[in-house]
Every structure is written in C-alpha cells, then in structure tokens.
Amino acid sequence: MTTINLKEVEHKVNEAVKTINFDTPDANIIRLTEALRTESSATGQLAMQDIVENRRIASERQVPMCQDTGMVIVFADIGEEVQFLNGNLRDAITSGVQKGYQEGYLRKSIVVEPLFERKNTNNNTPVVIHFDLVPGNKLRLTIAAKGFGAENMSWVKVLAPAEGINGVKREVVRAVEEAGPNACPPVVVGVGIGGTIEKAALLAKRALMRNMGDRNQDQRYAKLEAQLLDLINATGIGPQGWGGMNTALDVRIEFFPTHIAAIPLAVNLDCHLQRHISIMF
Ligand code: SF4
C-alpha cells in the first residue's frame, strides 16, 4: 500500500488551478503558432495573433488568459493499493480549488443551484469529480478548468447503427458549425462514441484531457480523428469565427463497447485555451 498525504494533494490542486489559468503548455503553443503561420484569412490571422499574444502576456504576468476561469473538473484515478492520510480526497480537492481561485484572483463562476436563485457560491466550488478505481499504487488527478462558451455548445445524442461512420462525421461537423463563434474557435473537439448516453459524455470529456496531437491508439479511430479535423477546418468558420482555415486545433475520439441497437455519440467542445493538467502522486 502507498499512503498519500491529502495535505500534499490540496497544495498541488491549489497550484494546478493557477497554472492552468496562467500558463500554456509547450505543445499547445506550438500548435497555436502553427495555426497562426498557416492561416490564410487576414481577419483569421489577426485573431490568431491576439490569441498567441494573449498567452504570452498571461504567462509573463501570471494573470488568467480569459475572464471565464471555468468550472473545475477532476478525473481522479485512484490505485487500488492507495490509502489516504488526513481527511478525504473530495475535501482535499475542493479545498485546493477554493484556495487556488482565491489566491490567484480567478473569477468565481459557480452558482448554488441552476434554476431559481442562481446565487454564486463565491469560491468556485463544488468541483465536478469523476472517481475511478484503477490497478496499482498511484493516484492520478487530471484537473481542468472548463469554459462554458464551449461547454454550452456540447451535446449527447444516440444514432441508429445504420447511420455508421458517415452519421458520426455529419453530426460532429454539424456541432462545430452550429457552435460557430460561440465556442471560441479554434476549438478542440472531444468525441465520445459508445457505451450509454452518460458514458458517451464522459468519454468526450476524457478525450479533451489528452495532450495536443496525441492520437487514438486504434488506427481506425486515429484516421477518423484526422478526417474530422480536415472536414471541420473546411467549414471556413476560422479563428474566433472571423473566417479561415483554423476552426479546430485537434479532434480526439474515445470509444467504448455499446449495445447492438445504438451508437451513443457525444460532442464536447473546448475552446483554444485547453486548460488542463495531470498530476501523479
Ligand atoms: S469558451 Fe474559452 S475562450 Fe471563450 S470565454 Fe469561455 S473560457 Fe474564454
């Protein structure tokens, strides 16, 4: 058994929510710079220039790269040979997020309940946490700050099996077209295929947590990712909707076995910020 001190977890979550709001990983900078270099539309290129420059300023001054500092989502993959010291994991994550948003002067965007009062919790929690038990003696936390311009444009639906690959292509491209500028393109497109409706949604969210350019290990799905990226970039929506060839930076698919009668399909859009990080304990 490995013992993990939850005080350390709280500290690292606190640091992580600031890091993902201020700093851009090298792989993302490289991809954004490539989009700037290849953009053929003059207005799209201006938008890309602003996006790249905004990243530089945010990192240099350690300020948020966007006013929407997101709702925090955590995938907690807990090794079966892990035990915790000093409390419970949910409280440690929640406290780390609250402290990080306070110390980092990050906007608090969460309301107590969705319909009636919509009163701000003033600490950017609760956190959406997905716990999973995995083999081994490690804890992996994947922490994301999800902007809702893109989250609002996401959906789940169930296709008939006969709709097949072409049906999936049609619906994924339609999702990006309907989102237009609202998801703050160039977007990253997470696609979940299979399982049930809730499983497909989780697969799409998990897909967004992959690193830029990481392809699906299954060559058939890797090929579909590349085809979808080309189709989406042919829509001409372009950076921030100003027209151009860079509507998406990446398309990532995760899949799961499903029922003979259906193709559950989820599309979860992320904006170009792609704020997430993985920490291993
Ligand atoms: S979708 Fe992303 S870039 Fe757009 S406002 Fe929200 S966090 Fe900011």
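Residues numbered from 1 in each chain as written. Predicted model: local features only at pLDDT ≥ 70, side-chain atom pairs only at ≥ 80, totals over all residues. Heavy atoms only, no water.

Visitor: Let's hear about the overall build of the protein: which residues, and what values?
Guide: Across its full length, the protein holds eight helices and ten strands. Against the compact-globule benchmark of 19 Å for 281 residues, the protein has a radius of gyration of 19 Å, which places it among compact chains. Projected onto its principal axes, the C-alpha positions of the protein cover 50 × 50 × 40 Å. Within the span of the protein, comprising 281 residues, buried residues form 48% of the whole. Sequence separation of 24 or more characterises 82% of the internal contacts of the protein that already satisfy a separation of 6 or more. (Helix = DSSP H or I, 4+ residues; strand = E, 2+ residues; numbered from the N terminus. Rg over C-alpha atoms; globule rule 2.2 N^0.38 Å. Buried < 20%, exposed > 50% of the residue type's maximum accessible area, 1.4 Å probe, protein only. Contact = heavy atoms within 4.5 Å.)

Visitor: Outline the domain arrangement of the protein, supporting the account with residue identities and numerical values.
Guide: Each assigned domain of the protein is listed here: domain 1 (2-21 + 65-146) and domain 2 (148-279). Once you take the C-alpha centre of each, domain 1 and domain 2 turn out to be 25 Å apart. Listed per partner, the contact involves 23 residues of domain 1 and 18 residues of domain 2. Our count for the contact surface shared by domain 1 and domain 2 stands at three salt bridges. Of the charged contacts in the structure, one is a salt bridge between R206 and D77, with a shortest N-O distance of 2.7 Å. At the surface where domain 1 touches domain 2, the tally comes to ten residue pairs in polar contact (both at pLDDT 80 or more). (Domains from an automatic or database assignment. Salt bridge = Lys/Arg side-chain N within 4 Å of Asp/Glu carboxyl O. Polar contact = N/O pair within 3.5 Å; in protein donor to acceptor, adjacent residues only side chain to side chain.)

Visitor: Before we move on, could you go through the site of the ligand and cite the residues and values that matter?
Guide: Surveying the vicinity of the ligand reveals the residues C66, Q67, D68, G147, G149, A150, C184, C271, L273 and R275. In the shell around the ligand, the residues fall into five nonpolar, three polar and two charged. (Near = heavy atom within 4 Å. Nonpolar A, V, L, I, M, F, W, Y, C, P; charged D, E, K, R; others polar.)

Visitor: Which residues make up the sheet that holds strand β8 (residues 248-258), and what are the values?
Guide: Taking strand neighbours across the sheet as the criterion, the four strands line up as β6-β9-β7-β8 in an open arrangement whose pairing is mixed. Every interior strand has two partners, whereas the edge strands, β6 (155-159) and β8, have only one. Ignoring which end each strand starts from, the neighbouring axes of this sheet average 15° apart. Sitting on the sheet, helix α7 (residues 197-208) touches β6, β7 (187-195), β8 and β9 (263-270), and the angle it makes with β7 is about 145°. (Pairing = 2+ DSSP bridges. Axes fitted to C-alpha atoms, helices over the stretch in contact; angles between N-to-C directions.)

Visitor: Tell me about the environment of T235, residues and numbers included.
Guide: Tracing the sequence through the fold places T235 in the loop between α8 (219-233) and β8. With a relative accessible area of 25%, T235 lands in the partly exposed category. Residues T235 and N246, spaced eleven residues apart in sequence, show a C-alpha to C-alpha distance of 9.3 Å. The residues contacting T235, other than those within four sequence positions of it, are V173, E177 and T247.

Visitor: With reference to specific residues and values, describe the sheet that holds strand β10 (residues 276-280).
Guide: Taken in spatial order, the four strands make up an open sheet running β4-β2-β5-β10, and their pairing is mixed. In this open sheet, the two strands that pair with only one neighbour each are β4 (128-134) and β10. Averaged over all pairs of adjacent strands, the angle between strand axes in this sheet comes to 15°, irrespective of strand direction. One ladder, built from five bridges, connects strand β5 (residues 139-146) with β10; its direction is antiparallel. Looking at the pairing, R140 lines up with M280 of β10. Sheet strands in contact with helix α4 (residues 89-103) are β2 (71-79), β4 and β5, and its direction is about 145° off that of β2. In the packing of α7 onto the sheet, the strands contacted are β2, β4, β5 and β10, and the crossing angle to β2 comes to about 95°.

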